[in-house]
Amino acid sequence: MAYLQLDNIQKSFGDAHIIKGVNLEIDKGEFIVFVGPSGCGKSTLLRLIAGLEPITSGKLMLDGKDITHIPSGKRDLAMVFQSYALYPHMSVYDNMSFALKLANVAKDVIKTKVDHAAKTLNLTQYLTRTPKELSGGQRQRVAIGRAIVRAPKVFLFDEPLSNLDAALRGNTRVEIHKLHRALGATSIYVTHDQVEAMTLADRVVVLRDGLIEQVGTPMELYDRPANQFVAQFIGMPSMNMVDARAIPSFSAQTGGRLPGDGFLGVRPEGLRVHRDHDAGTPGKVELIEALGADTLIHVEVGGVPLVARQNERTELQAGDAVSVELDPSVLHFFNREGRTLAA
Ligand SMILES: Nc1ncnc2c1ncn2[C@@H]1O[C@H](COP(=O)(O)OP(=O)(O)OP(=O)(O)O)[C@@H](O)[C@H]1O
Ligand SMILES: [Mg+2]
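When the terminal C-alpha atoms of helix α5 (residues 166–183) are compared, their 25 Å separation across 18 residues agrees well with the 26 Å that a helix rising 1.5 Å per residue should span. Among the residues making up α5, those that are buried are Arg-169, Gly-170, Thr-172, Arg-173, Ile-176, Leu-179 and His-180. If you follow the buried residues of α5, they end up packed against β3 (31–35), α3 (107–120), α4 (136–149), β8 (186–190) and α6 (194–200). The residue sitting at the N-terminus of α5 and contributing the capping side-chain oxygen is Asp-165; that oxygen lies 3.1 Å from the backbone nitrogen of Ala-167. Directly after α5, the chain includes Gly-184, whose backbone phi takes a positive value near 60°.

So, on to the packing of aromatic side chains. Scanning all chains against the criterion turns up five aromatic pairs. Relative to Tyr-189, the ring of Phe-31 lies with its centre 5.6 Å away and its plane at 40°, an arrangement referred to as tilted. On the criterion of sequence distance, the pair formed by Phe-31 in strand β3 and Tyr-189 in strand β8 is long-range, its members being 158 residues apart. In this structure, Phe-31 and Tyr-189 share a single accessibility class: buried. Aromatic side chains Phe-157 and Tyr-189 sit 5.4 Å apart centroid to centroid with 45° between the ring planes, which places their arrangement in the tilted category. Here Phe-157, found in strand β7 (residues 154–158), pairs with Tyr-189, found in strand β8; they are 32 residues apart in sequence, far enough to count as distant.

Take the sheet that holds strand β11 (residues 240–243) next. Taken in spatial order, the four strands line up as β11-β12-β18-β19 in an open sheet, and their pairing is antiparallel. Edge positions in the sheet fall to β11 and β19 (340–341), since each has one partner strand and no second. Pairing analysis gives two bridges linking strand β18 (residues 331–334) to β19, with the strands arranged antiparallel. Each residue of the ladder has a partner; that of Phe-333, found in β19, is Leu-341.

All right, on to the domain arrangement of the chain then. Put simply, an interface is often sized by how much accessible area is lost when its parts join up. Annotation of the chain at the domain level lists domain 1 (4–228) and domain 2 (238–341). Its C-alpha centre places domain 1 at a distance of 38 Å from the equivalent point of domain 2. Across the contact, seven residues belong to domain 1 and 10 residues belong to domain 2. Approximately 740 Å² of surface area, both sides summed, lies buried where domain 1 meets domain 2, with 43% of it carried by carbon and sulfur atoms. The largest contributions to the domain 1 side of the interface with domain 2 come from Tyr-222, Pro-225 and Gln-228, which together make up 72% of the buried area. Summed over the shared surface of domain 1 and domain 2, the number is zero salt bridges. Taken together, the links from domain 1 to domain 2 amount to six residue pairs in polar contact (both at pLDDT 80 or more). Of all the elements, helix α7 (residues 218–223) adds the most residues to the side of domain 1 that touches domain 2, at three residues. A breakdown of the residues in the side of domain 1 that touches domain 2 according to their chemical character gives four nonpolar, two polar and one charged.

Reading the values: rules and limits
- Residue numbers here run from 1 along each chain, matching the order of that chain's written sequence.
- Labels are handed out in written order, letters beginning with A for the chains and numbers beginning with 1 for the ligands.
- Residue-level local features of this predicted model are given only where pLDDT is at least 70; pairs of side-chain atoms are given and counted only at 80 or more, and the full residue set underlies all totals for whole chains, interfaces and linings.
- Water and hydrogen atoms were dropped before computing side-chain values, which therefore reflect all heavy atoms in the structure.
- Secondary structure elements are taken from DSSP: a helix is a run of H or I of four residues or more, a strand is a run of E of two residues or more, and numbering for both begins at the N terminus.
- A helix is expected to span 1.5 Å for every residue after the first.
- A simple rule labels every residue: compare its accessible area, found with a 1.4 Å probe on the protein chains alone, to the largest value its type can have, and call it buried under 20%, exposed over 50%, or partly exposed in between.
- Every residue pair with non-hydrogen atoms within 4.5 Å of one another is taken to be in contact.
- Under this definition, polar contacts are N or O atom pairs within 3.5 Å; protein pairs additionally need one hydrogen-donor-capable and one acceptor-capable atom, and for neighbouring residues in sequence, both atoms have to be side-chain atoms.
- Planes of paired rings set the category: under 30 degrees apart is stacked, over 60 is edge-to-face and the rest tilted, where pairs are Phe, Tyr or Trp rings (Trp by its six-membered ring) whose centres lie within 6.5 Å.
- Here, any two strands with at least 2 DSSP bridges between them count as paired.
- All domain edges in this entry derive from an automatic or database-based domain assignment.
- Buried area is calculated as the accessible area (1.4 Å probe) missing from two parts once they are joined, with the contributions of both summed.
- Salt bridge, as used here, is a side-chain nitrogen of Lys or Arg placed within 4 Å of a carboxyl oxygen of Asp or Glu.
- Under the convention adopted here, Pro, Cys and the residues Ala, Val, Leu, Ile, Met, Phe, Trp and Tyr are nonpolar, Asp, Glu, Lys and Arg are charged, and Gly plus all remaining residues are polar.

Next up, the structure:
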C-alpha cells in the first residue's frame, strides 16, 4: 500500500471547483514534484495535504491511517513556504527548536537535533544570529532545518527557492537534492522551475486546471508525454508543435505515422538548421539566442515559427536563408484532440 494516498481529492471554494478529483499514490521516501501553470491548484493541493484547508470530498491516507479530517498539527507533516515565515526576533537556534519546545521535548534532545540539522544544512556558525542577519538562501535553509528537526513523515515544499537569485537557487537546489539523498524523507515539492522539477523529482506530477494530466519520472514525461499539453509544458524551450497540414515536407518524412489532421511534435534538439540548401526544408532565421553552451536558432518554415537548439555556436544571423532538417528518430505524433499516438 502507498505511504501517502490521495483518493479522489476534491476542493471547492464556494462555487469555485478548484481541485476536481485527484488520485495519487506516493511511496515512502519518494520525492514528488508538482508542476503546472499558475492557478492550476498546486498550492491548494499541498495545503489540503497539509491540513491547512479542509478537503471538500475524497480521502487522504498517510501510513495506513485516514488523516482526511485530522487537524494540521496532528498530521505529522512539515511545510516549507516561499516566504520563509521565520520568527524575526528569535535566533536561528530558537527558530529551529520552536516546534520541539512546544511539544515539550527535553532540552538536550532538542540540542542534539538542532545541532545535527544545522550541521547538515551548513548553518552551525549562524545559530546565534537572527533571520535579518542572514542571506535569503541561509534563511530558507533555516526554514528547511525547522522542518527537519521535527522529523515529519512527509515534507511539503511550496516553491521554496523562488525568492532566491539564480546562483543561490542553483546551490540550494543541489543542497536539497543531497539532503533528500541523506534523509530519504518523503517529499512533495511545488515549483515553476523546470530544472528543479527535472533534477529533484523521482516522479513529476503535471497538473492542469485541478486535474492530473500525467505522472511519471522526469525522463518519461520528456520522452513519452501523454498529450500535447505535457509535451509542451515539460522542456525548455517548449516542444515545437506543427499542424500536419502546415509543412508538407515535414509530414512527408513521418512515414505515414502522422494523421492528416494531427500534429507533429519535435523538440528543439530534434531540428538541425543548415546554411546549404540541398538538405531539408527551406526556412529563414528570425533570431539567434546564444546562451553560451547552447545556441537557440529561431527559424520560420512555411509561416510556422520553430526553435532549434544546438550545442555548437553558429555563424548564422537573423534574415539568413537556411534549410531545416528533422531528426526522424525523435518525433512525436498527436491526434486532433492532442492525445499522443504511438510513435
Ligand atoms: N482561499 C481561496 N478562496 C478562493 N479561491 C481560491 C482560494 N485559494 C486558491 N483559490 C483559487 O484556486 C485556484 C488555484 O490556486 P493555487 O494557489 O492552488 O494555484 P497554484 O497552482 O499554486 O498557482 P501558482 O503557480 O500561481 O502559485 C486559483 O484560481 C485561486 O484563485
Ligand atoms: Mg502556488
